[in-house]
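# Notes for the structure review
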Amino acid sequence: MVFVEIPLSQCHDDFYSTCRKMFSCGNFTNIDFPFWGDIRPSGCGYPRLKLHCERSVTTIEIMKVNYSVLYVDSNSQILKISREDYRDGICSPVNYVSSTLDPTLFDFGPGYQNLTLFYGCAPYPIPHIPGEFTCDLVNGDVVHLELGAHGPPKDCNASVFVPMPKASLVQPEIWISLSKLEETIRDGFEVRWKGDTAGYCNHCKESMGVCGYDLNSNTPTCYHDNDHYTGRVARPIEYDEEV
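Residue indices begin from 1 for each chain and proceed along its sequence in written order. Given that the model is predicted, a residue must reach a pLDDT of at least 70 before its local features are reported, and side-chain atom pairs must reach 80 or more before they are shown or counted; all residues, however, enter totals for whole chains, interfaces and linings. Calculated side-chain values reflect all of the structure's heavy atoms, with hydrogen atoms and water omitted.

### Details of the pattern of salt bridges
Cut-off, in case you're wondering: Any carboxyl oxygen of Asp or Glu that lies within 4 Å of a side-chain nitrogen of Lys or Arg is treated as forming a salt bridge with it. Labels follow the DSSP assignment, with helices taken as runs of H or I lasting at least four residues and strands as runs of E lasting at least two, numbered in each case from the N terminus. Three exposure classes are used, based on accessible area relative to the maximum for each residue type with a 1.4 Å probe and protein chains only: buried under 20%, partly exposed in between, and exposed over 50%.
Applying the stated criterion across every chain yields a total of five salt bridges. Taking the shortest distance from any N to any O, the salt bridge between D32 and K205 comes out at 3.8 Å. Of this pair, D32 sits in the loop between β2 (28-31) and β3 (51-54) while K205 sits in helix α5 (residues 197-206); the two residues are 173 residues apart in sequence, bridging distant segments of the chain. For D85, the salt bridge goes to R83, with nearest N and O atoms at 2.8 Å. When its relative accessible area of 3% is taken as the criterion, R83 is described as buried.

### Details of unusual backbone geometry
Residues F33 and P34 are joined by a peptide bond in cis, for which omega reads 10°. Residue position: P34 is located in the loop between β2 and β3. Positive phi outside glycine occurs at Q77, with the angle close to 60°. By the element assignment, Q77 lies in the loop between β5 (65-73) and β6 (78-83). Look at Q77 and you get buried, because its relative accessible area is 2%.

### Side note on the pairing of strand β8 (residues 112-121)
Heads up, the condition is: For two strands to count as paired, DSSP must find a minimum of two bridges between them.
The buried fraction of β8 amounts to seven of the 10 residues, a majority that puts the element mostly inside the structure. Where β8 and strand β11 (residues 158-165) come together, eight bridges link them in antiparallel fashion. The residue bridging L117 from the neighbouring strand is V160, located in β11. As paired elements, β8 and strand β10 (residues 141-147) share five bridges and run antiparallel to each other. What sits directly across from T116, in β10, is E146.

### Details of the sheet that holds β3
Selection criterion: The axes used here are C-alpha line fits, helices contributing only the stretch in contact, and every angle between their N-to-C directions lies in the interval 0 to 180 degrees.
Taking strand neighbours across the sheet as the criterion, the six strands line up as β3-β4-β5-β6-β12-β7 in an open arrangement whose pairing is antiparallel. Among the strands making up the open sheet, the edge pair consists of β3 and β7 (106-108). Direction aside, neighbouring strands of the sheet carry axes that sit 45° apart on average. Taken together, the four bridges between strand β4 (residues 57-62) and β5 define a ladder with antiparallel strand orientation. Counterpart to I60 in the pairing with β5 is Y67.

### A word on the state of the cysteines
Spelled out, the test is: For the purposes of this analysis, a disulfide is any pair of cysteine sulfur atoms at a distance within 2.5 Å.
Counted by the stated rule, this structure contains six disulfides. C121 shares a disulfide with C156; S-S distance 2.0 Å. The S-S bond linking C121 to C156 shows a torsion near 115°; that makes this disulfide right-handed. Within this pair, whereas C121 is found in strand β8, its partner C156 is found in the loop between β10 and β11, the two being separated by 35 residues in sequence. Taken individually, C121 and C156 each receive the classification buried, so the pair is uniform in this respect. Between C201 and C211 runs a disulfide, and the two sulfur atoms are separated by 2.0 Å. On the criterion of sequence distance, the pair formed by C201 in helix α5 and C211 in strand β13 (residues 210-214) is long-range, its members being 10 residues apart. Along the protein, the cysteines engaged in disulfide bonds are linked according to the scheme 1-3, 2-4, 5-7, 6-8, 9-11, 10-12 when indexed in sequence order.

### Re helix α4 (residues 178-186)
Quick reminder: α-helices carry 3.6 residues per turn. Residues three or four places apart thus point the same way. Basically, it comes down to this: Here the arc refers to the set of directions running from the helix axis out to each C-beta atom.
By the burial criterion, the buried members of α4 are L181, E182, T184 and I185. Summarising the axial view, the buried residues of α4 lie within an arc of 160°, below the 170-degree limit, and thus occupy one face. Of the residues flanking the end of α4, it is G188, one or two places downstream, whose phi is positive at about 80°.

### What about the confidence of the model for the protein?
The condition that has to hold: Every residue gets a pLDDT, meaning the predictor's confidence in that residue, from 0 to 100. Should any heavy atoms of two residues lie within 4.5 Å, those residues are considered in contact.
For the protein, per-residue confidence averages 84 on the pLDDT scale, and residues scoring 70 or more make up 82% of the total. In the model, residues 230-236 has pLDDT below 50 throughout and makes 15 contacts with residues more than four positions away in sequence or in other chains.

Quick look at the structure:
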């Protein structure tokens, strides 16, 4: 029996090379840790922060909902996203899944409030606030709006809640204009990913390393090559819960 030992540093060299590559798609360039995807393999970022590129559009899946990525700010750790299924209007979703976040990974940005859209509802007998919009002129299916995050009442088939800017919800146009409602939803909302990834990455780069994610230990790591490794260990990211 022959045993072949593969040096650990060689494995780090491989990730050191591949994780130096940046994610680029459409208007986005040079996106790195904590994200991965496309030419960046899974060891380059958090497992649930995978970016996709299709037809020059960057998307990310969060809690079974696909979002278009509108911008990324790695320094403030802010991601602005917009629901893909509402890109063509509020009547388009195939699956009625609300916009929720993994609380161990994301927080909602400040200044947002949930708005619930009720589907398959019976029409109100008289004009009503919150708003009512018709989705199917033939069958008379309507969508009702209500502030907050709610499940469907007995007279509706489904509900979806989405974060909306609080300032927009006090504007009468949101409740009476379908186009204004859909435009505001398409404008998206901000989330902030947790953990001091910016500080961690800067610390890693100071040791001439490249930020990544160790899938075996389920923790962030710092990759080095043999020629530039200084022996300094980047400090870990601290969380209240395991990500």
